[in-house]
Amino acid sequence: WGGGGGGGAFRRGGKATGARKKTTVSTQFKESLHSLMTTLGQANPHFVRCIKPNVTKVPDTFSPEMVMNQLRYSGMMETVRIRRSGYPVRRVFADFLFRYGMLGRNLGLPEGKEKCGAIMKLHDPEGKDWQNGKTKVFYRENLERLLEKHRDNELRAVCRIIYNVILTVVTRRRFLKAKKRIVQVQKYCKGFVYFRRFARLKKAAITLQKYERSRRARKLYRELLEQKRIEEERRREEERRREVERQRELARLEMEKKEHEAAEMRRRLEEEEQKRRREEEAKARAEEEERKAAMIKIRQLEEDHRRMEELARQKEEEARQKAAAQAKVAAEEKLAKKMAEDEAKVKAEAEAAFAIIGDLDNALKAFTGALGLDTDAESDTEEDELYEPESGYDTMSRMGVEGEEEKPAPKDGEEELEEGGDKKSSKFREEGQLMQIEDEPTFEGYVYMKGNTRQLGWKKRWAIVKEEMVMFFDVKQDAIKQGWLKKKRSGTGTLGRRNWKDRYFVLRGKSLFYYADTDLSVSKPQGCIELKDVTGMIEEGDSRDHAFGLVTKDRAYHLTAENYEEKRQWVEVIRYVRSLPEHKVQSLLVQEVDPKNAAMTIDLDSIDSVQAEDQELRPNSFVVITANRVYNFKADSLDIMHMWIGALSPRKYTVGDEDVTVNCIMKGWLVKEGKVKRRRYFVLTEKGQLHCYRTEDTRQPLVGNIHLNCLCAVDTFSEEEAMKGAYTIKLHTRKTTYRLNASSAEGVSEWISALQDAIDSCPPIQTVTERLILEIIRQCRNPHWDVVYEKHKILCRMEVPIKYPLLALPYGKPNLSEEKDMVYSTRQAEAVKIFNALLSQECIADPIKVVQTILTKCYDIVDLQSEAFCQLIKQTAGLTQQDVDSPNVLSCWQMLGSMCCSFVPERTVKKYLVMHLNNIQAKFRDTEMAKFATFCQECLQRTKQRDFVPSRNEVIACLGRRDLKTTLYCYGDGQCNIVINSATTAGEVVQKLCLGLQITGENNKFALFENNGDVFKVIDDRVVLADVLGKFDMHQKPNEKWKLFFKLFCYFKPRSVPNDSIEASFIFEQSCDDVVSGRFPAAHETLLKLAALRIQFLDGDIESVGAIEDIGELYPMSRIEREAKDKKDQYAIGNQHETYYMKTLRGSKGVGTLSKHMRAPEITEDDRIKAASAFEANVVKAAIMDYWRKLNGVSASFAQQKYMEILSQCPAFGSTFFEVEYPSKDQRFPKDLWLAINCRGIQIYQRSAVAPIQTNAYESIVSFGAPSPNEYRLVIEGQAPVALKTTQVAEIGKLIKVYISYVVSERGNNKVS
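This structure is a prediction, so every number in the text was calculated from the model and none was measured.

Trainee: Before we go on, may I ask you to explain the overall build of the protein chain in this structure?
Mentor: From N to C terminus, the protein chain includes 36 helices and 36 strands. Taking all 1313 residues of the protein chain together, the buried fraction comes to 38%. Considering only intrachain contacts with a sequence separation of at least 6, the fraction spanning at least 24 residues in the protein chain is 61%. Surface accessibility of the protein chain: about 79500 Å² in total, with carbon and sulfur atoms responsible for 52%.

Given below as structure tokens:
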């Protein structure tokens, strides 16, 4: 090789430099490999393995074992397993979203990894076949195939939507172009047709207007003439009335002037007489005080004697127990000797005292004789006129039953019950008479009362013992009315509370004083309102404001009461005092003391004892001890102190040693309710007394006693109280209602029965008015019986309110039904209110409301009817010439006329009323009073028992002595005015209408109905129509309009009625109404024909009308609505819009901006029913118009005749249908049924069915009736009873009875013939 360097240079620079180097095999393999890798990098890699199918190298031959061995040994099976366990498909996030992003357009996520994961979760929620990397999505081939499938579906759906939209736009353009051409053609055709029609109608309208204008002009001319005549009559009547008023005013002024002069003269004489009497009374007062001192001394002696007897009895009892028989005899002799000495001493002192009293009586008689006063004669006269000593009842019209609210039972104590046990009252009770307690205070006077603390000291109070209560007032009660009111200060401000001040108002005469305090003896009046200067009264606001005002010439006084009742009392008193003249105001009685104005009250039942104090520093003082407090009082003198102690001391009742349980009616334990519930032992005696004890030992002193009379009442417990376990007896006495509780309902029943028997066995009680009425009736044949008014002024008119009713009324509040929401007080109080309302009727703006209130009260409380009649007779009897036809008297006559039209008085009161009316007609001829008397007599002869209070229109008619006018309606919008009175019955009106319309009544029966919309209630022939109008007036609601309706009630022979009669027209109109209202079962085609005939009868040919405006007047809408409910899913609102909307991109997937402009509406169930109803109505309307076109040229009479022929062929013709329900679950009948009643029998229809399910003749019906309010039961021979639910039970029963009576009468006529 030569050397290393040379050899190398040769090789580089030798032969190899100019010649190409030869490619080797390895070089070629390397280049081929690089080219293959480049190609593979540009394409998707696929693994290719060459597998030898067989050994013989024959085509189409496959050796499984050889192939499997090659795959296994070449590693292919292992490669496939590895590929399956991994993720062969790998895409970058951007590539993945570019291809599959449409599958997640509703997700609302940004482009990136999160959206890719969300799309994968939509198709593989569990995440088994995919995973997210940092830049790629890894997933398997099965998931790729699923994604590709969904992508193809989405693209296909979008292409379909685009195609449909383009096709819709092209089609709509063609449609709009064709529609525009058609509308243009229709426009010209319709214009020509309507122009001809308009010309024809215009010509006809001008002709009609010509005749109508002429008719209206003639009518207006007649109305103007009539109006002018009425105006002239009204003007003449007004002038005559003004002249009469002027004459009355002049006479009144003259009379007032004379009365004023007489009053002034009388006042002067009275002042002189009073001055002389005061001087003489001062002299007699000293003698009276001596007489009182003697009486007190006698009482003390009697008390000492009683104490000595009690002490002796106790000593005697002790001696009898301790000593032996001999010592007992000796003690008795000694005691008897001592008692004889004491009695002699007491007798001597009593004789001396009686001698002093006799001298005082003689002196008093001499004194009264010197004055010229005959007290015995005056008292005898008054006794004869007012009280009549042969009766045991002391004039309830003067001091009988109190007219006030019921009071709760007093607190239980030693004297807890109202009727006392003194000797005088027990004597009256033994005689079976009622001892009344006078309304005047039992004791009154000034007394000093000590306050609760030492600083308050003694205060002088006016004390009154009345109504089982002691009331203390700051001053003496001498006013007509007094009480607290809020008065507004003068100025313009009304909102602030500072402008309203509490003032104590006192009404004396016609002067209304107001003070800052109730102590009138110290406080000076803040001002005075003269009622004679008051020009008007205002009632501010509604009843909740309790405000009223007095307007004078100088200013207006705004006053506010504590409550509405207080306000009403003030307004009535002020209004009444203003209306009276000066001399009558002086004769007004001072009002009863009001406990509300008292500074303090003490219940007598709560007083345990009253004792005198023996203190030198406080002379004449005494102590009242109650359960809660000790009261210290002081009187002016020792005598007055003893009088107060006697008046306030609790009474002890006792019946002695007699055992009252021997002959008693009932006895037992009861719980008496009051402020505290106490258990007491009650004994009901044969004498009508209810004794009360603390224990069963009836020999102990009584806790209380109740005397029963025929006016007492007993009420039992209600169902609500029974559910709570409270078995209560309510015993109503004259002043108190006692609540007594028993342990069981049986015990309450026994006590109520016993008490009621005792009350019924009491002798009847009569007032003076009742006795005088009986005496007048007994002297009815005496022509001069009216002189009784001159002797007994209690029967004559009076201008002052009464305190008690004229008749004996039962005690307690009236028991009203739950339907009446009125709240009344006692019967006595309500009777007094009625009389006071009669006095103030002239001063009320709306007297009709007062009349209705009195009538309502008399209707609710039957006992007040006779009382109201007697009060009205009293106020219209014994009149002077000045009272003839005066406004006050005429208002009472109007009220009496309303009462005569509304109620039938009792037999005795009716006789007395007839005599009074005849007397008025004879004495006051040609006066308004005589006319009212005649009107009242006519009303009494025809008035029947009423069921409702007269309506306002009836009251107005009675006040004017006129008959009542009302409107009667019928089918076809017909109406007429009828004239009735307070006794006209529905049968009389129907008879007159049938006679005037020439309806015989043989073929059908007509009646009057109460109508309100679709509701009809038949009115019985015996019902008074005025009662029906009163019921309308009472139960009228804002959205209701009740009216009287005249129509057929029963179909006897409807096919026998001539077609040209008025009765046929009634049958036709009523049948049309039954068909339209859905109360006539018929087929659909029959109803269409009937509707076409009906519109032909109403409007004529179709050319003259053109279209049907209201299908509800021709076809039953209930049938259309029923069909619509069955087909509501076929006629949905907005189907076309919904289909088009769902074909859009937004409609299918809910994305895109198209949804903002096309949002699908919500379709409810009601909308679908309305759409279906409208569609069905249009279909029915089109069918009716088709039948209507065929009737062109048919007259109205022929259409009516054809209509009735079609109806007469139906099996339901002549039937009255009622909607009923079958509540039973035995599937014998469907639930919704029709009950058809006709002269043939009773039929049962399924609603909307043409033929009946069951028909029953009247012969097969065993019984029928209503076992419960809303259930009607039919018992048919051979069948199970049929119970139906309905609200028309009464109408069904009346109709069946009428048909059965008709069938029975027809059979009788057939047998006779």
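Trainee: What am I meant to see in the pairing of strand β29 (residues 1043–1051) here?
Mentor: Taken residue by residue, a regular strand's side chains alternate between the two faces of the sheet. Among the nine residues of β29, eight are classified as buried, and the element is accordingly described as predominantly covered. Relative to β29, strand β25 (residues 964–970) runs parallel, the two sharing two bridges. Bridging across to β29, leucine 968 finds its partner in leucine 1044. As paired strands, strand β27 (residues 1004–1012) and β29 are joined by eight bridges and run antiparallel to one another. Paired with phenylalanine 1006 across the bridge in β29 is leucine 1048.

Trainee: Which parts of the structure should I look at to understand the pairing of strand β16 (residues 621–626)?
Mentor: Most of β16 is tucked away, with five of its six residues classed as buried. Pairing of strand β15 (residues 607–612) with β16 involves five bridges; the strand directions are antiparallel. Opposite alanine 612, over in β16, you have phenylalanine 622 as the bridge partner. Two strands pair when backbone bridges link them, and β16 and strand β17 (residues 630–634) are joined in this way by five bridges, in the antiparallel orientation. Looking at β17, one finds that isoleucine 625 is bridged to valine 630.

Trainee: I would appreciate a short explanation of the sheet that holds β17 in the present structure.
Mentor: Sheets are built from strands that pair by backbone hydrogen bonding, the pairs being arranged parallel or antiparallel. One open sheet holds the seven strands; their spatial order is β14-β6-β5-β4-β17-β16-β15, and the pairing between them is antiparallel. Of all strands in the sheet, those with a lone pairing partner are β14 (600–603) and β15, marking the two edges. For this sheet, the mean inter-axis angle between neighbouring strands, taken without regard to orientation, is 30°. Against the sheet, helix α14 (residues 638–648) touches β4 (443–450), β5 (458–466), β6 (469–473), β15 and β16, its axis set at about 105° to β4.

Trainee: Help me understand the nonpolar core, please; the structure alone is not making it clear to me.
Mentor: Nonpolar side chains in soluble globular proteins tend to be buried together. Core analysis: the biggest nonpolar cluster contains 97 residues, and Leu1008, Phe1046, Tyr1203, Leu1235 and Ile1237 have the highest contact counts within it. Filtering out sequence-adjacent residues up to four positions away, phenylalanine 1046 remains in contact with Leu968, Tyr969, Cys970, Val990, Leu993, Cys994, Leu997, Phe1006, Ala1007, Leu1008 and Phe1066. Listed in part, the 63 residues of the second largest apolar core include Val851, Cys858, Trp893 and Met895.

Trainee: What exactly am I supposed to notice about the pattern of salt bridges here?
Mentor: Opposite charge on two side chains lets them pair, provided their charged atoms get close. Scanning the model with the defined rule gives 43 salt bridges in all. Of the charged contacts in the structure, one is a salt bridge between lysine 833 and glutamate 830, with a shortest N-O distance of 3.8 Å. With lysine 833 and glutamate 830 both in helix α19 (residues 827–839), this residue pair falls three residues apart, about one helical turn. Using a relative accessible area of 35% as the deciding quantity, one classes lysine 833 as partly exposed. Taking the relative accessible area as the measure of exposure, glutamate 830 reaches 3% and is therefore buried. Here aspartate 1020 makes a salt bridge to arginine 1022, at a shortest N to O gap of 3.2 Å. By relative accessible area, aspartate 1020 is classed as partly exposed at 29%.

Trainee: What's the story with helix α23 (residues 907–923) in this structure? I'm lost.
Mentor: Quick reminder: α-helices carry 3.6 residues per turn. Residues three or four places apart thus point the same way. Counted at 1.5 Å a residue, the expected span for α23 with its 17 residues is 24 Å, and the 24 Å between its end C-alpha atoms agrees. Within α23, the full set of buried residues consists of Val909, Tyr912, Leu913, Met915, His916, Leu917, Asn919, Ile920 and Gln921. In the core, the buried residues of α23 are packed alongside α17 (768–778), α18 (788–791), α21 (863–875), α22 (887–902) and α24 (928–942).

Trainee: What is the right way to look at the environment of tyrosine 515 in this model?
Mentor: Take tyrosine 515: it is sitting in strand β9 (residues 511–515). Between the C-alpha atom of tyrosine 515 and that of glutamine 526, which follows or precedes it by 11 residues, the distance is 5.2 Å. Reaching out from tyrosine 515, the side chain makes a polar contact with the side chain of arginine 508 at a distance of 3.4 Å.

Trainee: Honestly, the environment of aspartate 860 in this entry has me stumped. Any pointers?
Mentor: Residue position: aspartate 860 is located in helix α20 (residues 847–860). In sequence terms aspartate 860 and methionine 822 are 38 residues apart; their C-alpha atoms lie 8.8 Å from each other.

Trainee: Can you help me understand the sheet that holds strand β24 (residues 737–742) in this one?
Mentor: Taken in spatial order, the seven strands make up an open sheet running β21-β20-β19-β18-β24-β23-β22, and their pairing is antiparallel. Looking at the sheet topology across the chains shown, the edges are occupied by β21 (704–707) and β22 (713–715). Each strand of the sheet is rotated relative to its neighbour by a mean of 35°, with strand direction disregarded. Here helix α16 (residues 745–760) sits on the sheet in contact with β18 (666–672), β19 (678–684), β20 (689–693), β22, β23 (727–732) and β24, set at roughly 15° to β23.

Trainee: Where do I start with the packing of aromatic side chains in this structure?
Mentor: Pairs of aromatic rings are described using the distance from one ring centre to the other and the angle between the two planes. Scanning all chains against the criterion turns up 26 aromatic pairs. Here tyrosine 446 and tryptophan 462 contribute two aromatic rings whose centre-to-centre distance is 4.7 Å and whose plane-to-plane angle is 75°, an arrangement assigned as edge-to-face. A residue pair is termed long-range when its members are at least 10 positions apart, and tyrosine 446 in strand β4 and tryptophan 462 in strand β5 qualify at 16 residues. Owing to a relative accessible area of 33%, tyrosine 446 belongs among the partly exposed residues under this scheme. Residues phenylalanine 1006 and phenylalanine 1046 carry aromatic rings whose centres are separated by 5.3 Å and whose planes lie at 15° to one another, so their mutual orientation is stacked.

Trainee: Could you clarify how one ought to interpret the packing of α22 against α24 in this entry?
Mentor: The description of two helices packed together rests on the angle between their axes and the distance between the axes. It is at 8 Å that the axes of α22 and α24 come closest, and there the two elements cross at 10°. Taken together, α22 and α24 sit at an angle that is classed as roughly parallel. Contacts between α22 and α24 involve Val889, Leu890, Trp893, Gln894, Leu896, Gly897, Cys900 and Cys901 on the former and, on the latter, Glu928, Met929, Phe932, Ala933, Phe935, Cys936, Cys939 and Leu940. Within the contact of α22 with α24, the residues separate by chemical class into 13 nonpolar, two polar and one charged.

Trainee: Explanation requested: α19 in the structure shown.
Mentor: Compared with the 18 Å implied by 1.5 Å per residue over 13 residues, the 19 Å span of α19 between its first and last C-alpha is a close match. Among the 13 residues of α19, 11 are classified as buried, and the element is accordingly described as predominantly covered.

Trainee: Could you clarify how one ought to interpret the packing of α19 against α20 in this entry?
Mentor: Across the interface, α19 lies against α20 with an axial gap of 11 Å and an inter-helix angle of 160°. By the criterion of interaxial angle, the relationship of α19 to α20 is roughly antiparallel. Handedness of the crossing formed by α19 with α20: left-handed. The segment α19 lies against α20, with Glu830, Lys833, Ile834, Ala837 and Leu838 engaging Val850, Ile854, Lys857 and Cys858. Considering only residue class, the contact of α19 with α20 consists of six nonpolar, no polar and three charged.

Trainee: Whenever I open this one, a nonpolar patch on the surface confuses me. Can you help?
Mentor: On the surface, a cluster of nonpolar side chains totalling about 510 Å² of accessible area is made up of Phe29, Leu33, Leu36, Met37 and Leu40. Take leucine 36: it is sitting in helix α2 (residues 25–42).

Definitions and limits used
Residues numbered from 1 in each chain as written. Predicted model: local features only at pLDDT ≥ 70, side-chain atom pairs only at ≥ 80, totals over all residues. Heavy atoms only, no water. Helix = DSSP H or I, 4+ residues; strand = E, 2+ residues; numbered from the N terminus. Buried < 20%, exposed > 50% of the residue type's maximum accessible area, 1.4 Å probe, protein only. Contact = heavy atoms within 4.5 Å. Areas by Shrake-Rupley, 256 points an atom, 1.4 Å probe, with all protein chains shown as cover. Pairing = 2+ DSSP bridges. Axes fitted to C-alpha atoms, helices over the stretch in contact; angles between N-to-C directions. Core = buried A, V, L, I, M, F, W, Y, C linked by side-chain atoms within 4.5 Å. Salt bridge = Lys/Arg side-chain N within 4 Å of Asp/Glu carboxyl O. Expected span 1.5 Å × (residues − 1). Polar contact = N/O pair within 3.5 Å; in protein donor to acceptor, adjacent residues only side chain to side chain. Phe/Tyr/Trp six-rings, centres within 6.5 Å; stacked < 30°, edge-to-face > 60°. Parallel < 35°, antiparallel > 145°, perpendicular 65-115°, else oblique. Nonpolar A, V, L, I, M, F, W, Y, C, P; charged D, E, K, R; others polar. Left-handed = near helix turned anticlockwise from the far one by under 90°. Patch = residues over 30% accessible without salt bridge, like charges linked within 9 Å, V, L, I, M, F, W, Y side chains within 5 Å.

Any functional reading would require information beyond the geometric quantities listed.
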